[in-house]
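This is what each chain is made of:
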Amino acid sequence: MTVPPLTATTEPHQATTADPTPISPRQRTDPRLVVSLILRKLGGAAFVVWAAASLTFLMQALLPGDRATMLLNQQTGQVQERSAEELAPINEMFGFTDPLLVQYLRFLGGLLRGDLGVSYQLLQPVTTVIGDQIAPTVILNFSSLVVAWVIALVLLVLTARRVGWVSRLFSGLEAAAAALPQYWLGIILLVVFALGLGLFPVVGGEGPLGLVLPALTLGLPLAGFLGQTMRAEFERTLHEPFVLTARARGMSDTGVRIRHVLRHALLPGLTLTGWAIGSLFSGAVIAENVFSRPGLGGVLVDAVNGRDLPVVCGVVMLVALIYVVANLVVDTAYVLVDPRLKLTH
């Protein structure tokens, strides 16, 4: 028996089920997957904030010593043992004698209501304590981030894959800057440019001049990290075919570096920036104390020394929230820098 050849007419249902119109990747994106991705990111953000608050609560609550006694000693300025009658009002006010689980659940309940509690030392709402001091810290961190990016980008564009010794020299300088201890760097800048040359205020300077040295203290090490992170990708991209095409069309070397190569090198730097924003708030504690600036740094140091748990938890949660939001912004910036990532986000 001869088997007839397979043709379109022998399987008519296949032709009717085929869709002649091509489907784009955007059309193939299931909205449910997008919603699921958003929910996962929000769930991860909530988990980070909860974990940061819980760990801070446990670390502070389980420290040795009686919190009521320490608080009363700080208020009176006398370090001594206290009787139960003296401690009773404080224990009643803050619930120190309640079981730890009850304190923890009360703490979480307050967070869900947006209530961070009352400062043990200042007897003010934590939101007020943080709100009064957050502006100088935010300005310092933002200025440090701008300084770091400007230094990193300028050095990267001007020195990457130049004359051999130039590229190696600045690559080494980036590594050295990344390793600089912020406390040591702040003191050196203070001694040289404030005490020695008198160019900047020594302590507590307000205005742009008072911001320069603290911003450099935080920005120079970060610039080293950013430069190291982006340099390898920048140098690799310089050898891509589209770069050779741009040069063949007559575009200048600087134009090629800025318009074509730099976009690809930005992605590793953006990844690092999400981490750096949270790290800058930690570094602000150092810079604000070295230069005697107002801000959350001094508030956090005083709160830790005085075991002011509500203020400590409030500052830690603020940093965790900023870190989470920064990483969400970085994810969005990925797509703006490289639209091809829309297909994978």
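Conventions adopted
- Residues numbered from 1 in each chain as written.
- Predicted model: local features only at pLDDT ≥ 70, side-chain atom pairs only at ≥ 80, totals over all residues.
- Heavy atoms only, no water.
- Helix = DSSP H or I, 4+ residues; strand = E, 2+ residues; numbered from the N terminus.
- Buried < 20%, exposed > 50% of the residue type's maximum accessible area, 1.4 Å probe, protein only.
- Contact = heavy atoms within 4.5 Å.
- Areas by Shrake-Rupley, 256 points an atom, 1.4 Å probe, with all protein chains shown as cover.
- 1 Å grid on protein atoms, 1.4 Å probe; cavity = no way out; pocket = protein on both sides within 12 Å on 5 of 7 lines; lining within 4 Å.
- Points joined across faces, edges and corners; volume = space filled by probe spheres on them.
- Core = buried A, V, L, I, M, F, W, Y, C linked by side-chain atoms within 4.5 Å.
- Nonpolar A, V, L, I, M, F, W, Y, C, P; charged D, E, K, R; others polar.
- pLDDT = per-residue confidence, 0-100.
- Arc of directions from axis to C-beta.
- Salt bridge = Lys/Arg side-chain N within 4 Å of Asp/Glu carboxyl O.
- Patch = residues over 30% accessible without salt bridge, like charges linked within 9 Å, V, L, I, M, F, W, Y side chains within 5 Å.

1. A closer look at the overall build of the chain
A tally of regular secondary structure across the chain gives 14 helices and 0 strands. When its helices and strands are written in sequence order, the chain yields α-α-α-α-α-α-α-α-α-α-α-α-α-α. For the chain, buried positions account for 39% of its 345 residues. Excluding contacts between residues fewer than 6 apart, the proportion of contacts in the chain whose partners are at least 24 apart in sequence is 73%. For the chain, the computed accessible surface area is about 19700 Å², with 68% contributed by carbon and sulfur atoms.

2. Overview of the environment of Met-59
Along the chain, the position of Met-59 falls in helix 3 (residues 31-61). On a C-alpha basis, the gap between Met-59 and Leu-309 in space is 9.5 Å, while along the polypeptide they are 250 residues apart.

3. Quick look at empty space enclosed by the protein
With the rule as written, the count across this model stands at 2 cavities of 30 Å³ or more. As a volume, the second largest cavity reaches approximately 30 Å³. Lining the second largest cavity, in full, are Arg-67, Leu-71, Phe-96, Tyr-120, Gly-306 and Arg-307.

4. Things to note about the nonpolar core
Residues Leu-222, Leu-226, Met-230 and Phe-234 are the most contacted members of the largest nonpolar core, which totals 30 residues. Of all the elements in the fold, those that place two or more residues in this core are helix 7 (126-159), helix 10 (207-237), helix 11 (241-248) and helix 12 (253-290). The element best represented in this core is helix 12, accounting for 11 residues. Here Met-230 is in contact with Trp-149, Ala-152, Leu-153, Leu-156, Ala-265, Leu-266 and Gly-269, once residues within four sequence places are set aside. Formed by 19 residues, the second largest nonpolar core is a distinct cluster that contains Phe-96, Phe-107, Leu-108 and Tyr-120.

5. Structural notes on the environment of Gly-295
Positionally, Gly-295 belongs in the loop between helix 12 and helix 13 (296-305). Judged by relative accessible area, Gly-295 falls into the buried class, the value being 4%. In contact with Gly-295, not counting residues within four places along its chain, are Gln-133, Pro-136, Thr-137 and Glu-288.

6. Focus: the layout of surface pockets
In this structure, the second largest pocket encloses a volume near 410 Å³. Every element with two or more residues in the lining of the second largest pocket is listed here: helix 5 (84-94), helix 6 (100-112) and helix 14 (309-337). Tallying contributions element by element places helix 6 first for the lining of the second largest pocket, with 5 residues. Along the lines of polarity and charge, the residues of the lining of the second largest pocket split into 12 nonpolar, 4 polar and 4 charged.

7. Observations regarding the confidence of the model for the chain
Summing up the model confidence of the chain, the mean pLDDT is 76 and the portion of residues at 70 or higher is 82%. Here helix 1 (residues 12-17) is the element of the chain with the lowest mean pLDDT, 40, and helix 7 is the one with the highest, 88. Low pLDDT, under 50, characterises residues 1-29; the stretch is placed with 6 contacts to residues that sit more than four places away or in other chains. Under a pLDDT of 50 for its full length, residues 341-345 has, in the predicted model, 9 contacts with residues more than four places off or in other chains.

8. Overview of helix 5
Inspection of helix 5 places Leu-87, Ile-90, Asn-91 and Phe-94 among the buried residues, and these make up the whole buried set. The buried residues of helix 5 occupy one face: seen down the axis, they fall within an arc of 100°. Counted as exposed and oriented over 90 degrees from the buried face of helix 5: Glu-85, Glu-92 and Met-93. On its buried face, helix 5 sits against helix 4 (67-76) and helix 6. A positive phi of about 70° marks Gly-95, the residue just after helix 5.

9. A look at the side chain of Asn-141
Looking at the secondary structure, you find Asn-141 in helix 7. Excluding anything up to four places from it in sequence, Asn-141 contacts Leu-218, Leu-280, Phe-281 and Ala-284.

10. Digging into the pattern of salt bridges
This structure, assessed with the given rule, holds 2 salt bridges. Salt-bridge contacts for Arg-106 lead to Asp-98; the nearest nitrogen and oxygen are separated by 3.0 Å. Between Glu-174 and Arg-231 there is a salt bridge, with the nearest N and O atoms lying 2.8 Å from each other. Residue Glu-174 is found in helix 8 (residues 164-178), and its partner Arg-231 is found in helix 10; the two are separated by 57 residues along the sequence.

11. Digging into the side chain of Ser-144
Within the element layout of this structure, Ser-144 appears in helix 7. The class for Ser-144 is buried, based on a relative accessible area of 0%. Residues in contact with Ser-144, not counting those within four places in the same chain, are Pro-214, Ala-215, Leu-218, Gly-219 and Leu-280.

12. Re a nonpolar patch on the surface
A surface patch of nonpolar side chains, about 1100 Å² in accessible area, is lined by Tyr-183, Trp-184, Ile-187, Ile-188, Val-191, Val-192, Phe-193, Leu-195, Leu-197, Leu-199, Val-202 and Val-203. Residue position: Val-203 is located in the loop between helix 9 (182-196) and helix 10.

13. Topic: unusual backbone geometry
Within the chain, Ser-292 stands out as a residue other than glycine whose phi angle is a positive 50°. Residue position: Ser-292 is located in the loop between helix 12 and helix 13.

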